[in-house]
Amino acid sequence: MASSSSSFSTCTLNRGSFAIKAINFNKEFKCTVSNPLNRLHVHAKLSAGLTYSRLFTGEKSLKWEQMQRISKNGMQCRALEIKDLPAFTMGKKFQLDDIIDAQQFDSDTLGAIFEVAREMENVEKNSPGSQILKGYLMATLFYEPSTRTRLSFESAMKRLGGEVLTTENAREFSSAAKGETLEDSIRTVEAYSDIIVMRHFESGAARRAAATAGIPIINAGDGPGQHPTQALLDVYTIEREIGKLDGIRVALVGDLANGRTVRSLAYLLAKYRDVKIYFVSPDVVKMKDDIKDYLISRGVAWEESADLMEVASKCDVVYQTRIQRERFGERIDLYEEARGKFIVDKNVLKVMQRHAVVMHPLPRLDEITVDVDADPRAAYFRQAKNGLYIRMALLTLLLVSW
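First things first, this report covers the structure right here in the doc. Small disclaimer: the values here were computed from a predicted structure and weren't measured. (Residues numbered from 1 in each chain as written. Predicted model: local features only at pLDDT ≥ 70, side-chain atom pairs only at ≥ 80, totals over all residues. Heavy atoms only, no water.)

## Brief notes about the sheet that holds strand 15 (residues 317-320)
Alright, step 1. Reading across the sheet, the five strands line up as 14-13-12-15-16 and stay open at both edges, with parallel pairing between neighbours. The sheet terminates laterally at strand 14 (301-305) and strand 16 (357-359), the two strands that pair on one side only. The average undirected angle you get between the axes of adjacent strands in this sheet is 20°.
Alright, step 2. Where strand 12 (residues 249-253) and strand 15 come together, four bridges link them in parallel fashion. Among the inter-strand pairings, Val250 is bridged to a residue of strand 15, identified as Val317.
Alright, step 3. Most of the contacts of helix 6 (residues 228-242) go to strand 16, to which it runs at about 165°, and overall it touches strand 15 and strand 16. (Pairing = 2+ DSSP bridges. Helix = DSSP H or I, 4+ residues; strand = E, 2+ residues; numbered from the N terminus. Axes fitted to C-alpha atoms, helices over the stretch in contact; angles between N-to-C directions. Contact = heavy atoms within 4.5 Å.)

Rendered as structure tokens:
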């Protein structure tokens, strides 16, 4: 949006474009340009020469290219070139081609994504007819079962005015069952869509898809590898619930060997200062050494423990996960050995701090008892709702860069 002045009546920023009405050409005006990412105080001079208009912020300038000829009701311009502005303001941090793993984000990018997500909360509540992604088509290509992730992506797309093509079980009900390679499937689906959200049973599949596709790929989980959008919504939830990300103590509980959510979350938590992570899990599903080595390389303190009560009393976040039977194959004996060892119940709540929260990526089985749900520290359903806002933000940033 831009403030009004005597030189013009209205000025609106829409998908990076100025729509300006009632212009007095060759006269300067002052305005404030803002969107969910930034706010610039500028003064500008619009040219009637139909070539370009120039926008100034002190010594730093933006050039604007005219998109259409002047009409009775006004004209539109869009950014053609930006010089010497901070990367956050310019949007350089948001020129992500794909969302593949948690390592690709830095703390500045995370903060900016979260700012857009907060704006998306307002969009969802106050602009049910939003058309931000009108004309865009998202394909969801899921080779593994999903409820929350698939539906939240589809809801995010539709709430922003976009359309969806979906396959719920591509492993069984697509040409993959006939032996088609992942690469061929991606090349085909990208011909029908503008962005692909993919869940796959093989670790590294999302990276293969991104290397093949000419449109953005979002990793919605690749086997025991990573689940970056879940980690983004997890960190966003922690910030919203606890009020900070630096200096927090987080317990990761349950299946840490096979849980892609905890792996991605550990990577993201390492971006913040003075974080300590506690790993609480049965012996057969302990956190793998690659995550531990990464945390050590980033100077992040971590500790393994078999005492959930003691750890819960120290932490700001208890992040519980289910033991994933589907990852054990025929070793049901190992699954039975692991399940039921660490359960969050009212006894755990009693030792937790008043400000602390219980989180879970869902679905849950019996690792959080249902009587925990009524406690205000049970944040997992609010966490699931936050997934909508994070995915609305990511779709917007990848498709239109806001």
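## Notes on unusual backbone geometry
Alright, step 1. Residue Leu362 is joined to Pro363 through a cis peptide bond whose omega torsion reads 5°.
Alright, step 2. Positive phi, normally seen in glycine, also occurs at Asp274, with a value near 55°.
Alright, step 3. Within the secondary structure, Asp274 is located in the loop between helix 7 (260-269) and strand 13 (276-280).
Alright, step 4. Relative to the helices and strands, Leu362 resides in the loop between strand 16 and helix 12 (380-399).
Alright, step 5. The exposure class assigned to Leu362 is buried, which follows from its relative accessible area of 14%. (Buried < 20%, exposed > 50% of the residue type's maximum accessible area, 1.4 Å probe, protein only.)

So yeah, pure geometry; function would need other evidence.
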